[in-house]
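Okay, here's what each chain looks like letter by letter:
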Amino acid sequence: MVHIFDPRGRDARQTFWYYVLFVVLLRVAGGIAVSIPLTVNLMRAGFRAAQRNDGEAVVQAQMMHQMTGMMQTMAGVGIVIGVVTIVLLAASLARRLHDSGLSGWLVLVPGLSYAVALAMLPVQMDRAIEVMERIQAPGSAANGPMTMMQGQGPIALLGWVPVLFVVIFGVLKSTDGPNRYGDEPTRF
């Protein structure tokens, strides 16, 4: 029996990676389920504005407005999906660490790193929207994607710490036989 929220005990590598695959597929499905309707609405609004012959500037302004709303919605959904991911992976990663003879408290390293990255997401989104509006303004000298990416490096790296942690500690060799965290887990 799998104990999704129970950090006690041990998980073999195979069990852990199947669970990670399940969580990743869940994340992708959730993202797609939200992004498709938002994208359809964005395109529909653009087509309506173009059909009315409102003029290119008006159509672009309406599309920009729709896009910023879509980005804010996706950021909110991303935060919710991120929190669910942290909750779903925490206990499994703790059990995987136990299987390698390490303390489950090490889960706090990727968990806190990811939580900080998620907390910074609204700030990043506001900055991206601000830059998009500046780019859209007449006579703007902003250079698009490069302007949007300035200052994002440290935050982006912070988001990769949990991924690296999971990969590195997820592939560690199991300790043979029982250890202080329990008996050796059964493998598929």
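Residues numbered from 1 in each chain as written. Predicted model: local features only at pLDDT ≥ 70, side-chain atom pairs only at ≥ 80, totals over all residues. Heavy atoms only, no water.

### Let's talk about the environment of Met-43
Link 1 in the chain: As for its position among the elements, Met-43 is in helix α1 (residues 13-51).
Link 2 in the chain: Relative accessible area serves as the criterion here: at 38%, Met-43 is assigned to the partly exposed category.
Link 3 in the chain: The spatial distance from the C-alpha of Met-43 to the C-alpha of Gln-66 is 9.2 Å, given a sequence separation of 23 residues. (Helix = DSSP H or I, 4+ residues; strand = E, 2+ residues; numbered from the N terminus. Buried < 20%, exposed > 50% of the residue type's maximum accessible area, 1.4 Å probe, protein only.)

### Things to note about the packing of aromatic side chains
Geometrically, a pair of aromatic rings is defined through the distance of the ring centres and the angle of the planes.
Link 1 in the chain: If you walk through the whole model with that rule in mind, you get three aromatic pairs.
Link 2 in the chain: Centre to centre, the rings of Phe-165 and Phe-169 are 4.3 Å apart; their planes meet at 35 degrees, and the pair counts as tilted. Linking Phe-165 with Phe-169, this pair stays in helix α5 (residues 153-170), spanning four residues, or about one helical turn.
Link 3 in the chain: Take Phe-165: its relative accessible area is 9%, and that puts it in the buried class. (Phe/Tyr/Trp six-rings, centres within 6.5 Å; stacked < 30°, edge-to-face > 60°.)

### So, helix α2 (residues 56-99)
Link 1 in the chain: With 44 residues, α2 should reach 64 Å at 1.5 Å per residue; the first-to-last C-alpha distance of 61 Å fits that figure.
Link 2 in the chain: In the structure, α2 departs most strongly from a straight axis at Leu-89, where the bend amounts to approximately 35 degrees.
Link 3 in the chain: Gly-101 sits one or two positions beyond α2 and adopts a positive phi of about 85 degrees. (Expected span 1.5 Å × (residues − 1). Bend = angle between axes of the 7 residues up to and from the residue.)

### Focus: the packing of α2 against helix α3 (residues 108-136)
Link 1 in the chain: Relative to each other, α2 and α3 sit at 175 degrees, their axes nearing to 10 Å. If you check the angle between α2 and α3, you find them roughly antiparallel.
Link 2 in the chain: When its residues are assigned to classes, the contact of α2 with α3 shows 19 nonpolar, seven polar and one charged. (Axes fitted to C-alpha atoms, helices over the stretch in contact; angles between N-to-C directions. Parallel < 35°, antiparallel > 145°, perpendicular 65-115°, else oblique. Nonpolar A, V, L, I, M, F, W, Y, C, P; charged D, E, K, R; others polar.)

### Structural notes on the pattern of salt bridges
Link 1 in the chain: Counted by the stated rule, this structure contains five salt bridges.
Link 2 in the chain: A salt bridge links Asp-6 to Arg-8; its shortest N-O distance comes to 2.9 Å.
Link 3 in the chain: Exposure remark for Asp-6: the relative accessible area of 17% places this residue in the buried category.
Link 4 in the chain: A relative accessible area of 64% means that Arg-8 is categorised as exposed.
Link 5 in the chain: With a closest N to O distance of 2.8 Å, Asp-99 and Arg-10 form a salt bridge. With Asp-99 in helix α2 and Arg-10 in the segment before α1, this residue pair connects regions lying 89 residues apart in the sequence. The residues Asp-99 and Arg-10 share a single accessibility class, namely buried.
Link 6 in the chain: When salt bridges with common partners are traced through the structure, they connect Arg-10, Arg-96 and Asp-99 into a single cluster. (Salt bridge = Lys/Arg side-chain N within 4 Å of Asp/Glu carboxyl O.)

Spatial relationships are all this shows, so hold off on functional conclusions.
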